[in-house]
Amino acid sequence: MASRKSRPERRQEPLSRERIVAAAVELLDTVGEGGLTFRALAERLATGPGAIYWHVTGKNELLAAAIDAVIAPTLAGDDTGTTPQEAIRSLALGVFDAIDAHPWVGTTLAQLPRTPGKSPMLRVFERIGRQVQALRVPEAAQFTAASALLSYILGVAGQNAANTRAAQANADQANTDRAAFLDAVATAWRELDPDQYRFTRDVAGQLREHDDRAEFVAGIDLILAGITAGRADGRTRP
């Protein structure tokens, strides 16, 4: 009787830092930052936690690497042939869209410890800063200008992602959509006390009809207008 040949074992892809980070991003997208544990990641990768620790030292490093992987595509473009304003708008929208697609980035950034020289947003800051220099902003005002732009980009993008998640959660519970949710909020604003909330009541209609990306870019343009106006006035400090 002929011996039965043993079935060859399926060859698995070698574990690498890139595979670990990609799996972490997938896990974060699925269950959020609270669900990312080394045990859950090990199960997803069909390996042991010890093998993961060989490539990353801990959760903070893993989160920073995951953020860097999400943001990296926004830095891949070439700014040649564009004005500094156009380059900043393009970069800002890229980061906005990346955080919108991966809402955990905004909250995770705020939770990561500040390690000198290791911020996952350092490359974004560098790209913004070079465009600020290209705008011929006085040297004494360059740090403030670049920091204001980065703070606006991360702050608004992160808040938009949080609002989107909240709106989606409310919409799911109420079996409605984002437009209906905004309409309900705008209606509630219009019913506020006119003495205490005059402005909020006045802009309620704009809330109902606004586009998040368009409002985001409008804010970038306001900051850029202030930066270029300061440059034109010859001010060396903001």
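Heads up: these notes are all about the structure in this document. In this text, all values refer to a predicted model and were calculated from it rather than measured experimentally.

Definitions and limits used
- Residues numbered from 1 in each chain as written.
- Predicted model: local features only at pLDDT ≥ 70, side-chain atom pairs only at ≥ 80, totals over all residues.
- Heavy atoms only, no water.
- Helix = DSSP H or I, 4+ residues; strand = E, 2+ residues; numbered from the N terminus.
- Buried < 20%, exposed > 50% of the residue type's maximum accessible area, 1.4 Å probe, protein only.
- Contact = heavy atoms within 4.5 Å.
- Areas by Shrake-Rupley, 256 points an atom, 1.4 Å probe, with all protein chains shown as cover.
- Core = buried A, V, L, I, M, F, W, Y, C linked by side-chain atoms within 4.5 Å.
- Axes fitted to C-alpha atoms, helices over the stretch in contact; angles between N-to-C directions.
- Parallel < 35°, antiparallel > 145°, perpendicular 65-115°, else oblique.
- Left-handed = near helix turned anticlockwise from the far one by under 90°.
- Nonpolar A, V, L, I, M, F, W, Y, C, P; charged D, E, K, R; others polar.
- Salt bridge = Lys/Arg side-chain N within 4 Å of Asp/Glu carboxyl O.
- Expected span 1.5 Å × (residues − 1).

## Let's talk about the overall build of the chain
- Each helix and strand counted, the chain has 12 helices and zero strands in total.
- Going from the N terminus to the C terminus, the chain shows its helices and strands as α-α-α-α-α-α-α-α-α-α-α-α.
- In the chain, which comprises 238 residues, the share counted as buried stands at 35%.
- Long-range contacts, defined here as pairs at least 24 residues apart, represent 68% of the contacts in the chain between residues at least 6 apart.
- Roughly 15,000 Å² of accessible area belongs to the chain as shown, and the carbon and sulfur atoms make up 51% of that amount.

## Quick notes on the nonpolar core
- With 52 residues, the main nonpolar core has Leu41, Val124, Ile128, Phe216 and Ile220 as its most contacted residues.
- The element best represented in this core is helix α8 (residues 139-174), accounting for nine residues.
- Excluding its chain neighbours within four sequence positions, the residues that come into contact with Phe216 are Ala92, Leu93, Phe96, Tyr152, Ile153 and Val156.

## Observations concerning the packing of helix α5 (residues 84-101) against helix α7 (residues 122-134)
- Remark: α5 packs on α7, axes separated minimally by 9 Å, with the N-to-C direction vectors making an angle of 160°. When the axes of α5 and α7 are compared, the pair comes out roughly antiparallel. Here α5 and α7 pass one another in a crossing that is left-handed. Residues Pro84, Ala87, Ile88, Leu91 and Val95 of α5 form the contact with α7, whose own contacting residues are Val124, Arg127, Ile128, Gln131 and Ala134.
- Residues belonging to the contact of α5 with α7 are distributed by class as follows: eight nonpolar, one polar and one charged.

## A word on the packing of helix α1 (residues 17-31) against helix α2 (residues 38-45)
- Relative to each other, α1 and α2 sit at 110°, their axes nearing to 10 Å. Comparing their axes, α2 and α1 come out roughly perpendicular. Handedness of the crossing formed by α1 with α2: right-handed. Across the interface between the two elements, Arg19, Ile20, Ala23, Ala24, Glu26, Leu27 and Thr30 of α1 pack against Ala40, Leu41, Arg44 and Leu45 of α2.
- Taken together, the residues that form the contact of α1 with α2 break down as seven nonpolar, one polar and three charged.

## Observations concerning unusual backbone geometry
- Residue Ala46 is not a glycine yet carries a positive backbone phi of 55°.
- Tracing the backbone shows Ala46 in the loop between α2 and α3 (49-53).
- According to the relative accessible area criterion, Ala46 is exposed, its value standing at 54%.
- Backbone geometry at Arg136 places phi at a positive 60°, although glycine is not the residue there.
- Mapping Arg136 onto the fold places it in the loop between α7 and α8.

## Some thoughts on the pattern of salt bridges
- On inspection of all chains with the given rule, the structure shows eight salt bridges.
- Two residues, Glu126 and Arg130, come together in a salt bridge whose shortest N-O distance is 2.6 Å. With Glu126 and Arg130 both in helix α7, this residue pair falls four residues apart, about one helical turn.
- What makes Glu126 partly exposed here is its relative accessible area of 41%.
- For Asp183, the salt bridge is made with Arg208, and the minimal N-O distance between the two is 2.6 Å. Note that Asp183 is positioned in helix α9 (residues 178-190) and Arg208 in helix α11 (residues 204-209), a separation of 25 residues in sequence.
- Residue Asp183 is classed as partly exposed on the basis of its relative accessible area of 34%.
- Accessibility expressed as a relative area gives 31% for Arg208, which makes it partly exposed.

## Regarding helix α4 (residues 59-71)
- End to end, α4 covers 18 Å across 13 residues, agreeing with the expected 18 Å (1.5 Å per residue, within 8%).
- For α4, the full list of buried residues reads Leu62, Leu63, Ala64, Ala65, Ala66, Ile67, Val70 and Ile71.
- Of the surrounding elements, those touching the buried residues of α4 are α1, α2, α5, α6 (104-111) and α7.

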